[in-house]
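# Secondary and tertiary structure notes
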Amino acid sequence: MAIDLQIVLIAAVGILIVLNLLAFFLRKDDKKLQTIADVFYRGQAELAGRLSQLAESSQQQQNKISEAIAEQKLSVLKMMDEKLLQVTKNVGEGLQKTTVQTTQTLTDLRERLAKIDAAQQKISSLSEQVVSLQEVLSNKQARGAFGEIQLNDLVTSTLPPSAYAFQVVLSNQKRADCVLKLPNPPGTIVIDSKFPLESYHALRIAANEREKVEAERFFKASVLKHIKDISEKYILPGETAESALMFLPSEAIYAELHANFPEVVEASYRAKVWIVSPTTLMATLNTVRAILKDAKMREMAGVIQKEVGTLTEDIGRLDGRIESLSRHFKQANEDIDNIKVSSGKIAKRIQRIEDIQLGDERKERLDDDTAAIEHIA
């Protein structure tokens, strides 16, 4: 608005200058032109007055506009300050919440990282144990020791120490991994640990039908050889029971054997070699413990019967003594009753004596009273 007024003023000043020049040149030539010039001068004066008023009005409007702009600026600045303060407050609160959330998130993250580290350590430890177990299982002698240790743990955790023994040398100089000491029948039962892992592993990794057939033949031959060895070494007439146990320390091998090789299981039945896994051995040992308990009860039955007889005799003697004591108590009661009768009689006699004495004293007192009356008279 102010710029437009300035342009108008400049344009008006330019027109006045042009009119002044025209009036100057025309005044020299003609009076009519002089009249025209006077008219122009008057118009110039009026235009100057109008321009002055316009300038004043423009200045006033500019002042008003400046004041309005200043007020608007102050209002805008105040509003901006308030908005800035509100934004700053919101940003501060948001930053505070974000800081709290970030702190909590970092705390949770540290806890999860700690759990992950612990799990990683456990995984590393487990990996080391798996590698160690693989190393153990890859060695045939160490694999046998692994089966014997597992057998030892199962037996010792189930049976009392008197019911088993480990590494027992039999009369044929064969060493048994474990023997169960049971009463006859059945007698001493031998448990031998076998771990046909190589043949089972070959069966698992067979890639085609031919390899599978060869692996099955290898697995069957390995198990049958173990059955034969146990039957020949650990079933001795008159020394051990008529059967023995072959312990397989792997549930997978036991399941594979019973699922896909029933003829091998039947062969073990014919040889009286019972194949057991850790689970079925635990059930067998619990049965053995029940048998031992029953046998112990049978052994103690005679002692218990003898003690019961002795106890019966003692009870009979106790009854006789109680009867005798009862008779003594009865006689004592009769004696007490007789004593009470005698004491009653004695009490009556004493009473009579007292009555006689009191009668004599009363008679003497009456005689004394009579004498005194006569003396007074």
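Here's what I pulled together on the structure shown here.

Conventions adopted
Residues numbered from 1 in each chain as written. Predicted model: local features only at pLDDT ≥ 70, side-chain atom pairs only at ≥ 80, totals over all residues. Heavy atoms only, no water. Helix = DSSP H or I, 4+ residues; strand = E, 2+ residues; numbered from the N terminus. Buried < 20%, exposed > 50% of the residue type's maximum accessible area, 1.4 Å probe, protein only. Contact = heavy atoms within 4.5 Å. Polar contact = N/O pair within 3.5 Å; in protein donor to acceptor, adjacent residues only side chain to side chain. Pairing = 2+ DSSP bridges. Axes fitted to C-alpha atoms, helices over the stretch in contact; angles between N-to-C directions.

## Section: the environment of M246
Here M246 shows up in strand β4 (residues 244–247). Overall, M246 belongs to the buried group, its relative accessible area being 0%. In sequence terms M246 and H226 are 20 residues apart; their C-alpha atoms lie 8.1 Å from each other. When neighbours within four sequence positions are excluded, M246 is seen to be in contact with D192, K194, V223, H226, I227, I230, V273, W274, I275 and V276.

## Topic: the side chain of T158
Note that T158 resides in helix α3 (residues 140–158). When its relative accessible area of 8% is taken as the criterion, T158 is described as buried. Among the polar contacts listed, one links the side chain of T158 to the backbone oxygen of L154, at a separation of 2.9 Å. Ignoring any residue separated from it by four or fewer positions in sequence, one finds T158 in contact with M282, L285, N286 and R289.

## Description of the sheet that holds β4
Strand order in the open sheet formed by five strands is β1-β2-β3-β4-β5, with mixed pairing between adjacent strands. The open sheet has two edge strands with one neighbour each: β1 (164–169) and β5 (273–276). Each strand of the sheet is rotated relative to its neighbour by a mean of 30°, with strand direction disregarded. Bridging between β1 and strand β2 (residues 175–180) involves five bridges; their strand directions are antiparallel. From the neighbouring strand, Y164 faces β2, where its bridge partner is L180. Against the sheet, helix α5 (residues 209–234) makes contact with β2, β3 (189–193), β4 and β5, and its axis sits at roughly 145° relative to β4, the strand it touches most.

## Re the pairing of β3
Counted residue by residue, β3 has five buried out of five residues, so it is predominantly covered. Burial of the side chains of β3 extends over both faces: I189, I191 and S193 are buried on one face and V190 and D192 on the other. One ladder, built from three bridges, connects β2 with β3; its direction is antiparallel. Each bridged residue has a counterpart across the sheet, and for V179 the counterpart in β3 is V190.

This is a description of form; function is not addressed.
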